[in-house]
Amino acid sequence: MRRRDMLLATGAAALGLSAFPFRWAAGQQNLGLKVLYFTRSAGFEHSVVKREGNELSHSEKIMVEVGKRHGVEVVCTKDGSVFDGDLDQYAAIAFYTSGDLTKEKEGQDKPMTPQGKQNLLDYVAGGKGFVGLHAANDSFHSKGDQIDPYIEMIGGEFVSHGPQQKAINRIVSPNFPGMEGLGDQIEYLEEWYAAKNFNPDLHVILVQETEGMDGRDYQRPPFPATWARKHGKGRVFYTSLGHREDVWTDDVFQQIVVGGFSWVMGEADADVTPNMKQVTPHADQLPK
């Protein structure tokens, strides 16, 4: 039996994440915590963030539900003008985005303004939390050797992906919030993002094991798939997981995401000493 199946079988995941020692996952109400979930797609729009009419998307509904369960208000929007407003009301901001978010796109809500982008970066550097989900590192791409400030903040840049397939993420930071009880690896059928331009100060949590994977995109050494880092006074968490609808409804995925939120919001502490050179020493080696 896989370790993930063992976890589910024991009922630990069925506790509604209440086993965590941080407030968001402890079921306390009226904490006054608010999270902004931004899902504008200036590039490819993933099905989990695609809305039908005025109805929230699949991932938005789950984020709102999990937030209500733990006394956190989750505000969902695709309107980039929100970044010209009061960001300090949010304990954390989460992105599931793609493309240059400052660009207009027909049929889309307002883009971010250049100042709004800077406001986001200042918000994080000033001491707030940021969570990037799956496609969030597919925004504001770098130009040549000039790394975009957003990419520097989030910690890595999407480069490509191959066919959906079962693959393994190896857990290299088992004490990070959300990793409790998961053993040494997790396995999903997923669309696995390959990345580049990793910030050297990453604290890697999950490593993409590439051996045996199908597709040219993965003919490279193992590389970071989920990580944490400090950005100025703020905290950043990113995971490449989250392409498929069934992944979003999975207890372990939700546990990992809530763990990330707990850390960026300062509700849990963790040792985030940079470890990329130790656990993924050849991460920057791309397919030839």
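See above for the structure.
None of these values were measured; they are calculated from a predicted model. (Residues numbered from 1 in each chain as written. Predicted model: local features only at pLDDT ≥ 70, side-chain atom pairs only at ≥ 80, totals over all residues. Heavy atoms only, no water.)

Student: Can you help me understand the packing of aromatic side chains in this one?
Tutor: What characterises a pair of aromatic rings is the spacing of the ring centres plus the angle enclosed by the ring planes. Counted according to the given criterion, the structure contains 14 aromatic pairs. Note on Tyr-96 and Trp-248: the rings are 6.4 Å apart at their centroids and 40° apart in plane angle, and the pair reads as tilted. Separated by 152 residues along the polypeptide, Tyr-96 in the loop between strand 3 (92–95) and helix 3 (114–125) and Trp-248 in helix 5 (residues 245–248) bring together distant segments of the chain. Pair check on accessibility: Tyr-96 and Trp-248 agree, each one buried. When the centroid spacing of 4.7 Å and the interplanar angle of 35° are considered together, the rings of Trp-227 and Tyr-238 count as tilted. Residue Trp-227 is located in strand 10 (residues 223–231), and its partner Tyr-238 is located in strand 11 (residues 234–239); the two are separated by 11 residues in the primary sequence. (Phe/Tyr/Trp six-rings, centres within 6.5 Å; stacked < 30°, edge-to-face > 60°. Helix = DSSP H or I, 4+ residues; strand = E, 2+ residues; numbered from the N terminus. Buried < 20%, exposed > 50% of the residue type's maximum accessible area, 1.4 Å probe, protein only.)

Student: Please clarify how unusual backbone geometry should be interpreted in this entry.
Tutor: A negative phi angle is the norm for most residues apart from glycine, just as the trans form is the norm for most peptide bonds. The backbone of His-134 shows a phi angle near 45°, a positive value even though the residue is not glycine. You can see His-134 is positioned in the loop between strand 4 (129–133) and helix 4 (149–154). With a relative accessible area of 0%, His-134 lands in the buried category. With a phi angle near 55°, Phe-140 is a residue other than glycine that sits in the positive phi range. Within the element layout of this structure, Phe-140 appears in the loop between strand 4 and helix 4.

Student: Just to check I follow, could you spell out helix 2 (residues 58–69) for this structure?
Tutor: Residues spaced three or four apart along an α-helix point in a common direction, a consequence of the helix completing one turn every 3.6 residues. Along its 12 residues, helix 2 runs 17 Å from first to last C-alpha, staying within 8% of the 16 Å computed at 1.5 Å per residue. If you check which residues of helix 2 are buried, you get Ser-59, Glu-60, Ile-62, Met-63, Val-64, Val-66 and Gly-67. Those residues of helix 2 hidden inside the fold are in contact with strand 1 (33–38), strand 2 (72–77), strand 3, helix 5 and helix 6 (251–264). Once helix 2 finishes, Gly-71 follows within two positions and takes phi at roughly 75°, a positive value. (Expected span 1.5 Å × (residues − 1). Contact = heavy atoms within 4.5 Å.)

Student: Any chance you could explain the sheet that holds strand 11 here in plain terms?
Tutor: Backbone hydrogen bonds hold the strands of a sheet together, and the pairing may be parallel or antiparallel. Taken in spatial order, the 9 strands of this open sheet run 2-1-3-4-11-10-9-6-7, and their pairing is mixed. Each edge of the sheet is formed by a strand with only one pairing partner; in this case those strands are strand 2 and strand 7 (185–190). Between one strand and the next, the sheet's axes are offset by a mean angle of 20°, whatever the strand orientation. Judged from the 5 bridges that link them, strand 9 (residues 203–208) and strand 10 form a sheet pairing that is antiparallel. Note on strand 10: the bridge partner recorded for Val-207 is Pro-224. Strands strand 1, strand 2 and strand 3 of the sheet are contacted by helix 2, whose axis makes an angle of about 165° with strand 2. Strands strand 1, strand 3, strand 4, strand 7, strand 9, strand 10 and strand 11 of the sheet are contacted by helix 6, whose axis makes an angle of about 165° with strand 11. (Pairing = 2+ DSSP bridges. Axes fitted to C-alpha atoms, helices over the stretch in contact; angles between N-to-C directions.)

Student: What am I meant to see in empty space enclosed by the protein here?
Tutor: With a probe scaled to a water molecule rolled over the atoms, the places where space remains empty come into view. Inspection of the entire model under this criterion finds 1 cavity of 30 Å³ or more. Estimated volume of the largest cavity: approximately 90 Å³. Around the largest cavity, the lining is made up of 12 residues, and of these Met-63, Val-66, Trp-248, Val-257 and Val-258 lie nearest the centre. Of all the secondary structure elements, the ones that give two or more residues to the lining of the largest cavity are helix 2 and helix 6. Looking at which element gives the most residues to the lining of the largest cavity, the answer is helix 6, with 5 residues. (1 Å grid on protein atoms, 1.4 Å probe; cavity = no way out; pocket = protein on both sides within 12 Å on 5 of 7 lines; lining within 4 Å. Points joined across faces, edges and corners; volume = space filled by probe spheres on them.)

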